[in-house]
Amino acid sequence: MSYELRQRRPRIAALDVIRGFALCGILLANVQPIANAGRTVILEGQASPADAWLGLFVEQRFYPIFSLLFGVGFSLLLNSAGERTARPRLLLTRRLLALLAMGVAHHLLLWEGDILAVYALVGLVVLLPSTWLPRWAVAGLAAVLLTGALVLAGGPFSLVPGLFLLGSALTRYGVTDRIERSTRVPAALGLLLAVLAVPAVWLQVREVRFTLTLALAGLLIAGVYVCGTLVLLRTPLRAVLESVFAPLGRMALTNYLAATVLVLAATRLVGGVPQEWSTATVLTIAGVILAVQWVWSTLWLSRYRQGPVEWLWRWITWARRPALRVS
């Protein structure tokens, strides 16, 4: 059996859908920050009701999902690599170093708000060493780090280590493999998280310990989004969700980097001061970019196994050129 045939494992469709959905939210949250790159941002006046609602459902609601999925993907790859190489951690180290290089380039050349370098560094410092720990220790450490990040109110990046480990623990306990087998579990968990999110959002709106309540509300609503998506995937809407979000999710890294270029191009076309754009303008820019990326992703994946940046990343990871065209 060839290397390529041996290395390909069945994709978990739910992860692609959730990743694609999170990508949409991240772009929506990033349009103005990217457009403001290199400008002095002065916050003044009161946000419009539309801006307030956008912040309520988008701000800090999608990065937790991406961070969780990064931990999931890391452990899935560790399992896969462990079956085919005697040194899987060396392979993962190359993968994280390659991501760090991409993140630094993205930061220096396009946008200082890049998160890829942060993910790579946290992966090297937290995720990689955690592979030597038993799964119960990883789960416990995830709980400690998440609690500590919330109590210390250190900002959104402080949640990344805990979310990475949580995603890794979920995979190591087999939750990821069973993610599409139940409707009641995600429904019940999503309902619980929604109930808990109500007071957290209320405190956020009231700006009571704003950094803490923003992070807590973000985590809870992110959990509601994930559980809601898993429930919908068990309904007749599954085909629609896979068609809309899976292509974006399968090429998430390519689309994340390309979005920066597209937003910067849109900034020149739209003009004006980005921080003064209306919510309608932000939604239009994000919608057009996502539509372009969906068409591009769908067409690309009809001929190729993965996105171009994902393919390059895999090449560096495995230190050998993988097949690209769909056989």
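Residues numbered from 1 in each chain as written. Predicted model: local features only at pLDDT ≥ 70, side-chain atom pairs only at ≥ 80, totals over all residues. Heavy atoms only, no water.

Asker: Quick rundown of unusual backbone geometry? Include the residues and the values.
Answerer: Even without glycine at this site, Gln60 takes up a positive phi of about 60 degrees. Checked against the element boundaries, Gln60 lands in the loop between α3 (49–58) and α4 (63–82). Of note in the backbone geometry, Ala319 takes a positive phi value of approximately 60 degrees without being a glycine. Following the sequence through the fold, Ala319 ends up in the segment after α14 (308–318). (Helix = DSSP H or I, 4+ residues; strand = E, 2+ residues; numbered from the N terminus.)

Asker: So what's going on with the packing of aromatic side chains? Residues and values would help.
Answerer: The description of two aromatic rings rests on the distance between their centres and on the angle between their planes. Scanning the entire structure with this criterion turns up 10 aromatic pairs. With centroids separated by 5.7 Å and ring planes inclined at 90 degrees, the aromatic side chains of Phe21 and Tyr225 adopt a geometry described as edge-to-face. Pair noted here: Phe21 is in helix α2 (residues 13–35) and Tyr225 is in helix α10 (residues 210–232), with a separation of 204 residues, a long-range link. Seen in terms of ring centroids, Phe62 and Tyr225 are 5.3 Å apart; in terms of plane orientation they differ by 25 degrees. Their pairing is stacked. Residue Phe62 is found in the loop between α3 and α4, and its partner Tyr225 is found in helix α10; the two are separated by 163 residues along the sequence. Taking relative accessible area as the criterion, Phe62 reaches 7% and is therefore assigned buried. Given a relative accessible area of 17%, Tyr225 falls into the buried group. In this structure an aromatic cluster arises from ring pairing among Phe21, Phe62, Tyr225 and Phe245. Positioned over the ring face of Trp132 is Arg89, at 4.3 Å from the centre of the ring. In this structure, Arg95 is placed above the aromatic ring of Trp313, and the distance from its NZ or CZ to the ring centre is 3.6 Å. (Phe/Tyr/Trp six-rings, centres within 6.5 Å; stacked < 30°, edge-to-face > 60°. Buried < 20%, exposed > 50% of the residue type's maximum accessible area, 1.4 Å probe, protein only. Lys NZ or Arg CZ within 6 Å of the ring centre and 35° of its normal.)

Asker: Go over the nonpolar core, please, and point to the residues and values.
Answerer: Within the largest apolar cluster, 85 residues are counted, with the highest numbers of intra-cluster contacts made by Leu27, Val31, Ile65, Leu99, Tyr119 and Tyr256. Of all the elements, α2 adds the most residues to this core, at 13 residues. Core analysis: the second largest hydrophobic core is formed by eight residues, Leu146, Leu150, Leu212 and Ala215 among them. (Core = buried A, V, L, I, M, F, W, Y, C linked by side-chain atoms within 4.5 Å.)

Asker: Residue-level account of empty space enclosed by the protein, with values.
Answerer: With the rule as written, the count across this model stands at four cavities of 30 Å³ or more. By volume, the largest cavity is sized at about 1,100 Å³. As for the largest cavity, its lining consists of 36 residues, and the residues nearest its centre are Arg11, Arg19, Gly73, Arg95 and Trp313. Sorting elements by how many residues they give to the lining of the largest cavity places α4 first, with nine residues. Of the residues contributing to the lining of the largest cavity, the split by class is 21 nonpolar, five polar and 10 charged. In this structure, the second largest cavity occupies an estimated 70 Å³ of space. Lining the second largest cavity, in full, are Leu23, Ile26, Leu27, Asn30, Ile34, Trp111, Asn255, Tyr256, Ala259, Thr260, Leu290 and Gln293. Counting residues per element, the ones that place at least two in the lining of the second largest cavity are α2, α12 (252–270) and α13 (279–301). For the lining of the second largest cavity, the element with the highest residue contribution is α2, accounting for five residues. (1 Å grid on protein atoms, 1.4 Å probe; cavity = no way out; pocket = protein on both sides within 12 Å on 5 of 7 lines; lining within 4 Å. Points joined across faces, edges and corners; volume = space filled by probe spheres on them. Nonpolar A, V, L, I, M, F, W, Y, C, P; charged D, E, K, R; others polar.)

Asker: Summarise the side chain of Ser297; cite the residues concerned and give the values.
Answerer: Tracing the backbone through its elements, the reader meets Ser297 in helix α13. Beyond its immediate chain neighbours, meaning those up to four positions away, Ser297 contacts Pro247, Leu248, Met251 and Asn255. (Contact = heavy atoms within 4.5 Å.)

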